[in-house]
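One letter stands for each residue in the lines below.
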Amino acid sequence: MLSKATTKLFLRDIGTKKQKYWIFFDTETLGFNSHKHQLTEIGAIVVDMRNPRCPIVVDSYRQKSRLLSLTRLRMCYPFEGRGMSYSDIMSMTRYGEPPGTFQFVNEDELISGFLEFLNRYNNSLLIAHNASFDMKYVSVRASKYGMSMKRHDVLDTHNVAKLYLKPLIKTGVEAGEEYYLELSKVLAGKRDLSIRLGHLAKAFGVDSDQWHSAIADVYMLMGVLTGMMSLFEKEKDRDITKFFSGEAMKKHRRRRRKSRKEKGVRRHKRMAALRNQA
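Notes on the structure in this doc start here.

The rules behind each value
Residues numbered from 1 in each chain as written. Predicted model: local features only at pLDDT ≥ 70, side-chain atom pairs only at ≥ 80, totals over all residues. Heavy atoms only, no water. Helix = DSSP H or I, 4+ residues; strand = E, 2+ residues; numbered from the N terminus. Buried < 20%, exposed > 50% of the residue type's maximum accessible area, 1.4 Å probe, protein only. Contact = heavy atoms within 4.5 Å. Areas by Shrake-Rupley, 256 points an atom, 1.4 Å probe, with all protein chains shown as cover. Phe/Tyr/Trp six-rings, centres within 6.5 Å; stacked < 30°, edge-to-face > 60°. Patch = residues over 30% accessible without salt bridge, like charges linked within 9 Å, V, L, I, M, F, W, Y side chains within 5 Å. Salt bridge = Lys/Arg side-chain N within 4 Å of Asp/Glu carboxyl O. Axes fitted to C-alpha atoms, helices over the stretch in contact; angles between N-to-C directions. Parallel < 35°, antiparallel > 145°, perpendicular 65-115°, else oblique. Left-handed = near helix turned anticlockwise from the far one by under 90°. Nonpolar A, V, L, I, M, F, W, Y, C, P; charged D, E, K, R; others polar. Core = buried A, V, L, I, M, F, W, Y, C linked by side-chain atoms within 4.5 Å. Pairing = 2+ DSSP bridges. Expected span 1.5 Å × (residues − 1).

## Overview of the overall build of the protein chain
Then step 1. When its secondary structure is counted, the protein chain shows 10 helices and 5 strands.
Then step 2. Here the protein chain holds 278 residues, and 46% of them are scored as buried.
Then step 3. Put simply, 73% of the contacts in the protein chain that link residues at least 6 apart link residues at least 24 apart.
Then step 4. Element-wise, carbon and sulfur atoms account for 50% of the exposed surface of the protein chain, whose accessible area totals about 16000 Å².

## Describing the packing of aromatic side chains
Then step 1. The final tally for this structure, using the stated rule, is 12 aromatic pairs.
Then step 2. With a centroid separation of 5.7 Å and an interplanar angle of 45°, the aromatic rings of Phe-10 and Tyr-164 are classed as tilted. Taken as a pair, Phe-10 in helix α1 (residues 8–15) and Tyr-164 in helix α6 (residues 157–174) lie far apart in primary sequence, 154 residues in all.
Then step 3. Between Tyr-164 and Phe-232 the ring centres are 6.2 Å apart and the planes differ by 55°, which places this aromatic pair in the tilted class. With Tyr-164 in helix α6 and Phe-232 in helix α9 (residues 214–234), this residue pair connects regions lying 68 residues apart in the sequence.
Then step 4. You can call Tyr-164 buried: its relative accessible area is 12%.
Then step 5. Look at Phe-232 and you get buried, because its relative accessible area is 0%.
Then step 6. Chaining the aromatic ring pairs together yields one cluster made of Tyr-21, Phe-25, Tyr-61, Phe-114, Phe-117 and Tyr-121.

## Some points on a nonpolar patch on the surface
Then step 1. Residues Tyr-21, Ile-56 and Val-58 make up a contiguous nonpolar surface patch of roughly 270 Å² in combined accessible area.
Then step 2. Turning to its location among the elements, Tyr-21 is positioned in strand β1 (residues 21–29).
Then step 3. Tyr-21 gets classed as partly exposed once you look at its relative accessible area, which sits at 38%.

## Focus: the packing of α6 against helix α7 (residues 178–186)
Then step 1. One can describe the packing of α6 onto α7 by two numbers: an axis separation of 8 Å at closest approach and a directional angle of 125°. Classified by the interaxial angle, the pair formed by α6 and α7 is oblique. Considering the relative orientation of α6 and α7, their crossing is left-handed. Here Leu-168, Ile-169, Gly-172 and Val-173 of α6 lie close against α7, whose contacting residues are Tyr-180, Leu-181, Leu-183 and Ser-184.
Then step 2. Tallied by class, the residues present in the contact of α6 with α7 amount to 6 nonpolar, 2 polar and no charged.

## Digging into the nonpolar core
Then step 1. If you look at the biggest cluster of nonpolar residues, it comprises 43 residues, and the most contacted ones within it are Phe-10, Trp-22, Phe-24, Leu-165, Leu-225, Met-228 and Phe-232.
Then step 2. Contributions of two or more residues to this core are made by α1, β1, β2 (39–48), β4 (124–128), α6, α7, α8 (197–203) and α9.
Then step 3. Ranked by residues supplied to this core, first place goes to α9 with 11 residues.
Then step 4. When near neighbours in sequence (up to four residues on either side) are disregarded, Met-228 contacts Thr-157, Val-160, Ala-161, Leu-165 and Phe-204.

## Digging into the sheet that holds strand β5 (residues 153–156)
Then step 1. Taken together, 5 strands build an open sheet; the order of strands is β3-β2-β1-β4-β5 and the sheet is mixed. What marks the edges here is a single partner per strand, and that holds for β3 (56–64) and β5. Looking at each pair of strands side by side, their axes are set apart by 20° on average, direction ignored.
Then step 2. The pairing of β1 with β2 spans 9 bridges and is classified as antiparallel. Looking at β2, one finds that Asp-26 is bridged to Gly-43.
Then step 3. Across the sheet, α6 lies against β4 and β5, angled at about 50° from β5, the strand it touches most.

## Re helix α5 (residues 131–143)
Then step 1. Over its 13 residues, α5 runs 18 Å from end to end, which matches the ideal 18 Å to within 8%, given 1.5 Å per residue.
Then step 2. Against β1, β2, α4 (107–119), β4 and β5 lie the buried residues of α5.

## Digging into the pattern of salt bridges
Then step 1. A complete count under the given rule lists 14 salt bridges for this structure.
Then step 2. The closest approach of N and O atoms between Lys-8 and Asp-237, which form a salt bridge, is 2.9 Å. One end of the pair, Lys-8, is in helix α1; the other, Asp-237, is in the loop between α9 and α10 (241–277), with 229 residues separating them in the sequence.
Then step 3. Judged by relative accessible area, Lys-8 falls into the partly exposed class, the value being 31%.
Then step 4. Here Glu-107 and Arg-141 are joined by a salt bridge, their closest N and O atoms 2.9 Å apart. You can see Glu-107 sitting in helix α4 and its partner Arg-141 sitting in helix α5, a full 34 residues away along the chain. Like Glu-107, the residue Arg-141 is buried in the burial classification.
Then step 5. A network of salt bridges, in which partner residues are shared, links Asp-13, Lys-17 and Asp-153.

Pasting the structure below:
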């Protein structure tokens, strides 16, 4: 039974990683299926965070990839699916904007360049918003070209916001505090507080005009994380157990549903294999 949850739990854990190189990164893709849709951009910055109040950017990586022949072929046909078309996604992610001092490269060069960039920093912490998506996408696309991504220590700022920021805001709102009432208005979603990167940026006063451009997103992400850490430091002794427990249980239930679904898929494959043998 959790006796008392506070943001001090997160600060204590992240404090042990200040000596690492913090690599904020983001990907832009043409969909959610890493086996089907290509990567179009990767942006990353390496930050010295030994003093969180004054982060120092020491290196950066940004590259956009050319469209694959298969991607171009798909764009020739009328879009009849759900969601956004390739053209809509490319417009949203500013794919066609002049890259400036670099050239568009092939997707394999985009990935190999990023992996080489990561390999320069052995003692690193990778940071992304919805990190599981970005890590999986890069890993799957890399495997298509015979490359592999090493294991890294990873921090998902989406989870940080879900487990600590949302409970903190809800606790403040319940107490009727003006600051948290304003924050809740900025992050108001249809059912719950929105913790999308652009909305968090607005809440912490970080420029979000170029949202969905990979390199702009990583600078935005750095501002959001430092903003959350500053707030957590101020409120490190506040008890957020009531709402923390709820978010933790939601996450646990999602993991259980995912596990059951994966077991069902494996069972279905085994049964299909047995039927084929018969």
